[in-house]
Amino acid sequence: MNAVAVPDLPATTLDAGKLSQLVQLVDGLSPADLCWVAAWSASLAVHAQRSGAPVKAASGAEAAPRLTIVYGSQTGNARRLAEQLARRSSEAGLPVRLLRADAYPQRELAQERYLALVISTQGEGEPPDDARGLVEFIAGKRAPKLPTLQFSVLGLGDSSYPLFCAIGRQLDARLAELGATRLAPLGEADVDVETVATPWLDTALEQAREAFKTNLSAARITPLHAVSNQAIHTRDNPFAAAVLANQCIVARGSEREVRHLELSLEGSGLHYQPGDALGVWPRNPSALVAQWLDALQMDGEREVTHQGRTLPLRRWLTAEREITRLSRPFVKALAEAGKHAALIDLLRPERVAELAVLLARDQPIDLLRHYPQAWEPEALLAALRPLSPRLYSIASSSRAVGEEVHATVAVVDYQAHGSQHWGAASSFLAATNEDGTLPVFIESNERFRLPADPARDIIMIGPGTGVAPFRAFVQERAETGASGRNWLFFGNRHFAQDFLYQTEWQEALKCGALHRLDLAFSRDTEQRIHVQQRLRESGAELYAWLKGGACLYVCGDSSHMAKDVHAALIDLMAEHGSLAPDAASAWLDQLLQQGRYARDVY
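Throughout what follows, the structure given in this document is the object of discussion.

Conventions adopted
Residues numbered from 1 in each chain as written. Predicted model: local features only at pLDDT ≥ 70, side-chain atom pairs only at ≥ 80, totals over all residues. Heavy atoms only, no water. Axes fitted to C-alpha atoms, helices over the stretch in contact; angles between N-to-C directions. Helix = DSSP H or I, 4+ residues; strand = E, 2+ residues; numbered from the N terminus. Parallel < 35°, antiparallel > 145°, perpendicular 65-115°, else oblique. Left-handed = near helix turned anticlockwise from the far one by under 90°. Contact = heavy atoms within 4.5 Å. Nonpolar A, V, L, I, M, F, W, Y, C, P; charged D, E, K, R; others polar. Expected span 1.5 Å × (residues − 1). Buried < 20%, exposed > 50% of the residue type's maximum accessible area, 1.4 Å probe, protein only. Pairing = 2+ DSSP bridges. Arc of directions from axis to C-beta.

### Considerations on the packing of helix H7 (residues 286-296) against helix H8 (residues 313-320)
Part 1 of the reasoning: At a closest axis distance of 10 Å, the pairing of H7 and H8 adopts a crossing angle of 135 degrees. It follows from the interaxial angle that H7 and H8 lie oblique. The handedness of the crossing between H7 and H8 comes out as right-handed. Between H7 and H8, the residues in contact are Val 289, Trp 292 and Leu 293 and Leu 313, Arg 314, Leu 317 and Thr 318, respectively.
Part 2 of the reasoning: The residue inventory of the contact of H7 with H8, partitioned by class, reads five nonpolar, one polar and one charged.

Next up, the structure:
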């Protein structure tokens, strides 16, 4: 654990009443919020100790300069990097505050002096849900002129998509247009985030130090990868969780295998809330690695040095590199290495739609076989992205299961192009026996939380494995005795084979933990029925729940389901609220910004 210097406390102590008030204020805050509170209160205390003045918060124009770090995150990467920048800035002696984008007071933008934005781009150039309001404000007519602001932007994205880092680029350009000055150049991080994020964080911090012009020459700036807390299991220091249960929860005739896993967190120090995700570091299937070595005609035991590390090639392909997900950079590297005209042509901007189909349909092994190419091992590793952890919505409430965490996993295992294909993490999880362990961590999802008011109704829409977090929600509400009603929409292919957690939902209905369950099984009838049809059929009552203050949650596929559900919600609001489509859409956006409409989509 990193040593933390604690200043000598004054002789006076906080009376019991004030201490109780303080505990109530900070109880339930997220780690990011607590980080900001700690940094803010520490800076006030240091200022007061030096000046001899009583501690009080400055306000308005009298507020002392500080570095404000704002993040917009859908999967947690932007939040993680923003927290790292905040921690390193605080360690360097800078006054800093850290805020999620939807918690940032937009009226304060005109008074900001130093601002760092860390934000991802989703799907087709969209901001993450928690940043929609801030992005619209900065892009809109109400944004103030910012001649005294110094800023830096780190954009996160996936270069396989045509609008790579579009939101980061948009914010960087707009802030400059409003008169602000860049503290650091725009950073554009691909899926292998650290490659760009690490130097960007170093530059942003150094420029912030220079801008503040404080006497920080004695402060030690450590490399990003060296800043860690070994006492806490994190993404970079996962916990080896014992597997307590690993069972298939679909019938024998199901077209897809779905497994329910129960893992022990005993002794880990890990805690989670309903809505959080379980991070798992996968290993690529040995059979797939063998396919790669055969296609490449390479020796898996050959020692290969890449980025300062020397490992057998088999180890690189098993545990260090992405070999199940096809990406645009790999297609580009293959096209250039072999001068394959068809691939070079496919990479032209006007063929972006065809490239998207290829990336979604095929795996890298398919291209290796179709476009044979002699590779040097070092060049091959450079063309592949680092293996990244997979996130699974947690399917349990710790109040109900104790020091365990549950997950619902759809196993990727299918035939294509005449050979077997696998997913990295799902195959790894499915193959782990109940006497094994899995490297895991908890990824907080602050935007996907049950309402603080237990009397508030909730509506949950989760087809397929998207139902996982709602198992946690229902467990939690039952354990806490929440009086609000719970309504679940669930859909899958077949009732008899794919009704995930069927007996649990039936028991929840029976005991009153679940008040309503609407089902859609798309392959059981000639006309395919999906959850969006069920939403429209129950539109009047659903609208009444929302008007009465209910919170709405959606979990599952982002490419089709989430969009179709969003469109259905707009339609039913327009119909039953007598609203124009634009007004219905605006109301839904308002619910999103208020946190009453939350999405966990992937």
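Now that the structure is up, let's keep going.
### Some points on unusual backbone geometry
Part 1 of the reasoning: Phi is positive for Gln 297, which is not a glycine, with a value near 55 degrees.
Part 2 of the reasoning: Of note, Gln 297 is situated in the loop between H7 and strand S10 (303-306).
Part 3 of the reasoning: One non-glycine residue, Ser 578, lies in positive phi territory at about 50 degrees.
Part 4 of the reasoning: With respect to the helices, strands and loops of the structure, Ser 578 is situated in the loop between helix H21 (561-576) and helix H22 (581-594).

### Focus on helix H16 (residues 468-480)
Part 1 of the reasoning: In a regular helix each residue adds 1.5 Å, so 13 residues correspond to 18 Å; H16 covers 19 Å between its end C-alpha atoms and thus fits that length.
Part 2 of the reasoning: Counting buried residues in H16 gives ten out of 13 residues, a clear majority hidden from the surface.
Part 3 of the reasoning: Buried residues of H16: Ala 468, Pro 469, Phe 470, Arg 471, Ala 472, Phe 473, Val 474, Gln 475, Glu 476 and Arg 477, and no others.
Part 4 of the reasoning: Phi turns positive one or two residues past the end of H16, at Gly 481, with a value near 70 degrees.

### Notes on the sheet that holds strand S12 (residues 390-393)
Part 1 of the reasoning: Ordered by their spatial adjacency, six strands build an open sheet running S12-S9-S16-S7-S8-S13, and the pairing between neighbours is antiparallel. Either end of the sheet is taken by a strand with one partner, and the two such strands are S12 and strand S13 (404-411). Taking each pair of neighbouring strands and ignoring which way they run, the sheet shows an average axis angle of 40 degrees.
Part 2 of the reasoning: The pairing of strand S9 (residues 277-280) with strand S16 (residues 437-443) spans four bridges and is classified as antiparallel. By the bridge assignment for S16, Leu 278 is matched with Ile 442.

### Considerations on the packing of helix H3 (residues 77-91) against helix H6 (residues 194-212)
Part 1 of the reasoning: The interhelical angle for the contact between H3 and H6, taken along N-to-C directions, is 30 degrees, at an axis separation of 11 Å. What the angle tells us is that H3 and H6 run roughly parallel. By crossing handedness, the relation of H3 to H6 is classed as right-handed. Residue-level inspection shows Arg 80, Leu 81, Gln 84, Leu 85, Arg 88 and Ser 89 of H3 in contact with H6, the latter providing Glu 194, Ala 197, Trp 200, Leu 201, Asp 202 and Leu 205.
Part 2 of the reasoning: For the contact of H3 with H6, the class distribution of residues is six nonpolar, two polar and four charged.

### A word on H6
Part 1 of the reasoning: Spanning 19 residues, H6 covers 26 Å between terminal C-alpha atoms, matching the ideal 27 Å at 1.5 Å per step.
Part 2 of the reasoning: Among the residues of H6, Ala 197, Trp 200, Leu 201, Ala 204, Leu 205, Ala 208, Arg 209, Ala 211 and Phe 212 are the ones counted as buried. An end-on view of H6 places all buried positions within 165 degrees of arc, on one side of the element. Exposed and oriented more than 90 degrees from the buried face of H6 are Thr 195 and Glu 210.

### Description of the pairing of S10
Part 1 of the reasoning: Taking every second residue as pointing to the same face, the buried face of S10 carries Val 304 and His 306, while none of Glu 303 and Thr 305 on the other face is buried.
Part 2 of the reasoning: Taken together, the four bridges between S10 and strand S11 (residues 309-312) define a ladder with antiparallel strand orientation. What sits directly across from Val 304, in S11, is Leu 311.
Part 3 of the reasoning: Linking S10 to S11, which pair antiparallel, is a turn of two residues; within it Gln 307 sits at a positive phi near 50 degrees.

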